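# Chains, contacts and geometry: an overview
Okay, here's what each chain looks like letter by letter:
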Amino acid sequence: MYLGKRELINPEKYETLRSETLIDKSGAVDIAFDELEGVINKSQLAAQYFKKSHAWLSQKLHGCTVLNRQKSFTEEEYHKLADSLRDIARRLNAHADEIDNAPMDEPSNA
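Throughout what follows, the structure given in this document is the object of discussion. Values in this document were obtained by computation on a predicted structure and should not be read as measured data.

What counts as what
Residues numbered from 1 in each chain as written. Predicted model: local features only at pLDDT ≥ 70, side-chain atom pairs only at ≥ 80, totals over all residues. Heavy atoms only, no water. Helix = DSSP H or I, 4+ residues; strand = E, 2+ residues; numbered from the N terminus. Buried < 20%, exposed > 50% of the residue type's maximum accessible area, 1.4 Å probe, protein only. Axes fitted to C-alpha atoms, helices over the stretch in contact; angles between N-to-C directions. Parallel < 35°, antiparallel > 145°, perpendicular 65-115°, else oblique. Contact = heavy atoms within 4.5 Å. Nonpolar A, V, L, I, M, F, W, Y, C, P; charged D, E, K, R; others polar. Core = buried A, V, L, I, M, F, W, Y, C linked by side-chain atoms within 4.5 Å. 1 Å grid on protein atoms, 1.4 Å probe; cavity = no way out; pocket = protein on both sides within 12 Å on 5 of 7 lines; lining within 4 Å. Points joined across faces, edges and corners; volume = space filled by probe spheres on them. Salt bridge = Lys/Arg side-chain N within 4 Å of Asp/Glu carboxyl O.

Okay, the environment of Ile99 next. Relative to the helices and strands, Ile99 resides in helix 5 (residues 75–101). A residue is classified by how much of its surface remains accessible, and Ile99, at 65% relative accessible area, is exposed.

With that settled, consider unusual backbone geometry. Unusually for a residue other than glycine, Lys51 sits at a positive phi of about 55°. Among the structural elements, Lys51 can be located in the loop between helix 3 (42–50) and helix 4 (54–62).

Turning to the packing of helix 3 against helix 4, a few remarks are in order. Packing of helix 3 against helix 4 brings their axes to within 8 Å, and their N-to-C directions diverge by 100°. As far as their axial angle goes, helix 4 and helix 3 are roughly perpendicular. Between helix 3, through Lys42, Ser43, Leu45, Ala46 and Phe50, and helix 4, the contact on the second element is made entirely by His54, Trp56, Leu57 and Leu61. Across the contact of helix 3 with helix 4, the residue classes tally to six nonpolar, two polar and one charged.

Another point: the nonpolar core. Counting residues in hydrophobic clusters, the biggest one holds 14 residues, and the most contacted among them are Val29, Leu45, Leu57, Phe73 and Leu81. By residue number, the principal contributor to this core is helix 3, which donates four residues. In this structure, Val29 is in contact with Leu61, Phe73, Tyr78 and Leu81, ignoring residues within four places of it in sequence.

Within this model, the largest pocket holds a volume of roughly 530 Å³. Among the secondary structure elements, those contributing two or more residues to the lining of the largest pocket are helix 2 (25–35) and helix 5. When residues in the lining of the largest pocket are grouped by element, the largest group, eight residues, is from helix 2. When its residues are assigned to classes, the lining of the largest pocket shows 14 nonpolar, two polar and nine charged. Computed from the structure, the second largest pocket encloses a volume of approximately 190 Å³.

Moving on, we come to the pattern of salt bridges. Using the criterion set out here, one finds seven salt bridges in the structure. Where Lys42 meets Glu37, a salt bridge forms, and the shortest distance between an N and an O atom there is 3.6 Å. Bridged by salt links that share partners, the residues Asp87, Arg90 and Arg91 form one connected network.

Structural data, given as structure tokens:
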């Protein structure tokens with residue numbers, strides 16, 4: 001099921017392509033980053049959760065060949081990526097709760 005906020009021209013076709021892509025971990029990662037495009041800062045995700053550069057993450061995401069070796073996530077890195085997204089979700093929920101629970105601003109007299 002599409003979880004993004006973009007207006008899809010053909011939702012049925014997207015769901016078909018999505019289900020065809022969601023057959024393994026790399027497909028699930030592709031879908032996640034496609035649907036979170038512009039929402040998740042990949043540079044900061046790489047730095048804060050992996051202590052790596054944006055280039056490192058990009059090579060892993062795109063399966064680039066570097067020094068005659070194709071870059072891909074290890075099982076441990078997939079797990080760490082999933083945990084990092086869970087941590088971001090937890091942090092976002094905590095901030096949303098703080099906003100909901102904070103008192104309303106005093107109106108200005110301007």
